[in-house]
Amino acid sequence: MQDHDGRSVQASPWTRLLSDDRLTWTITEAAQLLGISRATAYEAAHRGELPVRLIGRRMLVPRTALLRLLDQDNSTESGLT
């Protein structure tokens, strides 16, 4: 990506993740999106607060489930429940 001066500009990790067409994110990527630590994300996954799917030994966060969870929280905060 380049800015108006022709210099190279890197997109933020958040922008890259949201524009990515993958169906799942890693716990680390989900933590970055949520603005929480990796350890907190793993704790939330173990408590069932963060939606995850186990594939072998990997914990993956389904994109649609996380976005739905965030949208649900947003609706509750704005009084649209």
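Rules used throughout
- Residues numbered from 1 in each chain as written.
- Predicted model: local features only at pLDDT ≥ 70, side-chain atom pairs only at ≥ 80, totals over all residues.
- Heavy atoms only, no water.
- Helix = DSSP H or I, 4+ residues; strand = E, 2+ residues; numbered from the N terminus.
- Buried < 20%, exposed > 50% of the residue type's maximum accessible area, 1.4 Å probe, protein only.
- Contact = heavy atoms within 4.5 Å.
- Areas by Shrake-Rupley, 256 points an atom, 1.4 Å probe, with all protein chains shown as cover.
- Core = buried A, V, L, I, M, F, W, Y, C linked by side-chain atoms within 4.5 Å.
- Pairing = 2+ DSSP bridges.
- Axes fitted to C-alpha atoms, helices over the stretch in contact; angles between N-to-C directions.

Visitor: What is the right way to read the overall build of the chain from this model?
Guide: Check the secondary structure of the chain and you find four helices and three strands. Start at the N end of the chain and walk to the C end: the helices and strands fall as α-β-α-α-β-β-α. Here the chain holds 81 residues, and the buried ones make up 23% of them. Excluding contacts between residues fewer than 6 apart, the proportion of contacts in the chain whose partners are at least 24 apart in sequence is 35%. Surface summary for the chain: the accessible area is close to 6,100 Å², and the carbon and sulfur share equals 52%.

Visitor: Would you explain the nonpolar core in this entry?
Guide: It is characteristic of soluble globular proteins that their nonpolar side chains tend to be buried jointly. In terms of nonpolar packing, the biggest core is built from 13 residues, with I27, A45, L50, V52, V61 and L66 touching the most fellow members. Of the residues forming this core, the biggest block, four residues, is contributed by helix α2 (residues 27-34). The contacts of L66, once residues within four sequence positions are left out, are W25, A30, L34, L50, P51 and V61.

Visitor: Would you explain the sheet that holds strand β1 (residues 24-26) in this entry?
Guide: Picture the strands of a sheet paired through backbone hydrogen bonds; they go either parallel or antiparallel. Taken in spatial order, the three strands line up as β1-β3-β2 in an open sheet, and their pairing is antiparallel. Strands at the two margins of the open sheet, each flanked by one partner only, are β1 and β2 (53-55). With strand direction ignored, the average angle separating the axes of adjacent strands in the sheet is 45°. Examined bridge by bridge, β2 and strand β3 (residues 58-62) share three bridges and lie antiparallel to one another. Among the inter-strand pairings, R53 is bridged to a residue of β3, identified as L60. Helix-sheet contacts for α2 involve β1 and β3, and the interaxial angle to β1 is about 90°.

Visitor: What am I meant to see in α2 here?
Guide: Note: α-helices contain 3.6 residues per turn, so residues at a spacing of three or four share the same orientation. Residues I27, E29, A30, A31 and L33 constitute the buried set of α2. Following α2 by one or two positions, G35 adopts a phi angle in the positive range, close to 75°.

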